[in-house]
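Chain by chain, the residues run as shown.
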Amino acid sequence: MSEANQEKLDAFLGKMVGDLGAIATGAGVLLGDRLGLFKALREGGKMTAAELSTRTGTQERLVREWLSGQAAAGYVDYDEASDKFYLNAEQELVFADEDSPAFMAGAFEFLSALWLDEEKVRQAFQSGKGVGWHDHSACLFRGTERFFRPGYNANLIDSWLPALEGVVEKLERGVDVADVGCGHGASTVLMAQAFPNSRFVGFDYHAPSIERARKAAEVAGVGVNTRFDVAAAKSYPGTYDLVTFFDCLHDMGDPTGAATHVHGSLKPDGTWMIVEPFAHDHLAANLNPVGRVYYAASTFVCTPASVSQEVGLALGAQAGEARLRKVVTGGGFKRLRRAAETPFNMVLEARP
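Residues numbered from 1 in each chain as written. Predicted model: local features only at pLDDT ≥ 70, side-chain atom pairs only at ≥ 80, totals over all residues. Heavy atoms only, no water.

- Identification of the protein as Class I SAM-dependent methyltransferase from Mesorhizobium ciceri is taken from an unreviewed UniProt entry.

Structure below.
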């Protein structure tokens, strides 16, 4: 064992302090989100701990400690002169506005499942059997919807769909669309609202998610042109002009089998839209803050989910376009291109 360099050790320990603070503060974000503390701060402006506790029906001393920790993290601002706490404009968008494209509180709910399900994942490492999506804690399903929905709100209708060749024009006229692996239906509902002449079916193998999606569609008022059914990616019924996969292909045990089924379910001039986590093709290029989040999520959720299924290809959340291309072309598709991208997602367009 080589001797440690003290200067490098000190720097690394400093990084660890920052990381420990982020982990601990993240639990506080989840707490504040669930108690409505962030939204109350947004609505009430500058408040003392006593005022916030009164507004939210919570215990003052505990609220002050929470506020202090969030202020130390820079997640809440503090006015020393008045002893009041508040959210600045940027903090409001990130923690208190669910319709904001920058909303991140849902990500903390998603990540809480990593801790809750650590024992299951540890056993999967030892047994090699994986962990099915349905075997995770419920906060994973809620958090996934809330984590991805802001990106869909910001990009799906105005950027991603227009990047596909001729798809918006078809949707405006009225076509049949399958949203596969739809989860709680956030993407399906958005498209149904934007294109009332088209007919949308959301499919997911996870029955509780389908029930939640049906309720979301009812609330959104898109029941006329939308339905949700329990079905797997390799066996959903019907023929479609557009099939969409949002952040789910890499979770599948047999993504090539799913691609083959999509190919068979598309009309001759149909389109397969594949939204996947953004990734480069080589590990070294993914060693960055975004890759850090995705590799962690993939270790606990995506890769074990794939391993738990037949084939168990285990693409992972940082598969990259080259590996995805192999899957898509293996399913019979002749044309594939990257249509759009954000720092968090890449959008691929496949045609028969």
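**Quick notes on the overall build of the protein**
Here comes step 1: If you tally the helices and strands in the protein, you get 14 helices and 9 strands.
Here comes step 2: At 22 Å, the protein has a C-alpha radius of gyration in line with the 20 Å of a compact globule built from 352 residues.
Here comes step 3: Residue burial in the protein is summarised as follows: out of 352 residues, 48% are buried.
Here comes step 4: The long-range share in the protein, meaning contacts at least 24 apart out of those at least 6 apart in sequence, stands at 66%.
Here comes step 5: Counting only carbon and sulfur atoms, one obtains 56% of the accessible surface of the protein, whose full area is about 16700 Å². (Helix = DSSP H or I, 4+ residues; strand = E, 2+ residues; numbered from the N terminus. Rg over C-alpha atoms; globule rule 2.2 N^0.38 Å. Buried < 20%, exposed > 50% of the residue type's maximum accessible area, 1.4 Å probe, protein only. Contact = heavy atoms within 4.5 Å. Areas by Shrake-Rupley, 256 points an atom, 1.4 Å probe, with all protein chains shown as cover.)

**With respect to the environment of G223**
Here comes step 1: Mapping G223 onto the fold places it in the loop between helix 11 (207-220) and strand 5 (226-230).
Here comes step 2: Residue G223 is classed as partly exposed on the basis of its relative accessible area, which comes to 48%.

**Some words on the pairing of strand 7 (residues 266-277)**
Here comes step 1: Buried residues dominate strand 7, accounting for 9 of its 12 residues.
Here comes step 2: Pairing between strand 6 (residues 240-246) and strand 7: 6 bridges, direction parallel. Along strand 7, the bridge assignment pairs Y240 with L266.
Here comes step 3: Of the crossover connections in this fold, the one passing from strand 6 over helix 12 (residues 255-265) to the parallel strand 7 is right-handed.
Here comes step 4: The pairing of strand 7 with strand 9 (residues 345-351) spans 6 bridges and is antiparallel. Of the residues in strand 9, the one forming a bridge with V275 is V347. (Pairing = 2+ DSSP bridges. Right-handed = clockwise from strand over helix to strand, strands pointing away.)

**Focus: the UniProt feature "domain: Methyltransferase" (unreviewed entry) in the protein**
Here comes step 1: With numbering aligned to this structure, UniProt lists the feature "domain: Methyltransferase" (unreviewed entry) at residues 172-288.
Here comes step 2: With 31% helix and 30% strand, residues 172-288 has its two end C-alpha atoms placed 39 Å apart. (UniProt positions renumbered as here; feature names shortened; annotations may be inferred.)

**Looking at the environment of T329**
Here comes step 1: Relative to the elements of secondary structure, T329 occurs in helix 14 (residues 321-330).
Here comes step 2: Among the residues examined, T329 registers a relative accessible area of 38% and is labelled partly exposed.
Here comes step 3: In this structure the C-alpha to C-alpha distance between T329 and T260, which are 69 residues apart in sequence, comes to 9.0 Å.
Here comes step 4: At 2.8 Å, the side chain of T329 forms a polar contact with the backbone oxygen of R325. (Polar contact = N/O pair within 3.5 Å; in protein donor to acceptor, adjacent residues only side chain to side chain.)

**What about a nonpolar patch on the surface?**
Here comes step 1: Among the surface-exposed residues, L20, I23 and W115 lie close enough to one another that they form a single nonpolar patch of about 390 Å² accessible area.
Here comes step 2: Tracing the backbone shows W115 in helix 6 (residues 105-116).
Here comes step 3: The exposed category is assigned to W115, whose relative accessible area is 65%. (Patch = residues over 30% accessible without salt bridge, like charges linked within 9 Å, V, L, I, M, F, W, Y side chains within 5 Å. Salt bridge = Lys/Arg side-chain N within 4 Å of Asp/Glu carboxyl O.)

**Observations concerning the sheet that holds strand 4 (residues 199-204)**
Here comes step 1: The strand order 5-4-3-6-7-9-8 describes an open sheet built from 7 strands, whose pairing is mixed. A single partner strand is all that each edge strand has here, and the edge strands are strand 5 and strand 8 (335-341). The mean inter-strand angle of the sheet, taken between neighbouring strand axes irrespective of direction, is 20°.
Here comes step 2: Most of the contacts of helix 11 go to strand 5, to which it runs at about 170°, and overall it touches strand 4 and strand 5. (Axes fitted to C-alpha atoms, helices over the stretch in contact; angles between N-to-C directions.)

**Brief notes about helix 1 (residues 6-35)**
Here comes step 1: The first and last C-alpha atoms of helix 1 sit 43 Å apart over 30 residues, in line with the 44 Å expected at 1.5 Å per residue.
Here comes step 2: All of the buried residues along helix 1 are D19, T25, G26, G28, V29, L30, G32 and D33.
Here comes step 3: Elements in contact with the buried residues of helix 1: helix 2 (37-44), helix 4 (60-73), helix 5 (89-95), helix 6, helix 8 (138-160) and helix 13 (289-307).
Here comes step 4: Where helix 1 begins, one side-chain oxygen reaches toward the backbone nitrogen of E7, 3.0 Å away; that side chain belongs to N5.
Here comes step 5: With its phi angle positive at about 75°, G36 sits one or two positions after the end of helix 1. (Expected span 1.5 Å × (residues − 1).)

**Re the nonpolar core**
Here comes step 1: If you look at the biggest cluster of nonpolar residues, it comprises 32 residues, and the most contacted ones within it are L156, W160, L161, L171, F246 and M273.
Here comes step 2: Residue assignment for this core shows that the elements contributing at least two residues are helix 8, helix 9 (167-173), helix 10 (186-194), helix 11, strand 6, strand 7 and strand 8.
Here comes step 3: With 5 residues, helix 8 is the largest single contributor of residues to this core.
Here comes step 4: Core analysis: the next-biggest nonpolar cluster, separate from the first, contains 30 residues, A178, A233, F245 and L266 among them. (Core = buried A, V, L, I, M, F, W, Y, C linked by side-chain atoms within 4.5 Å.)

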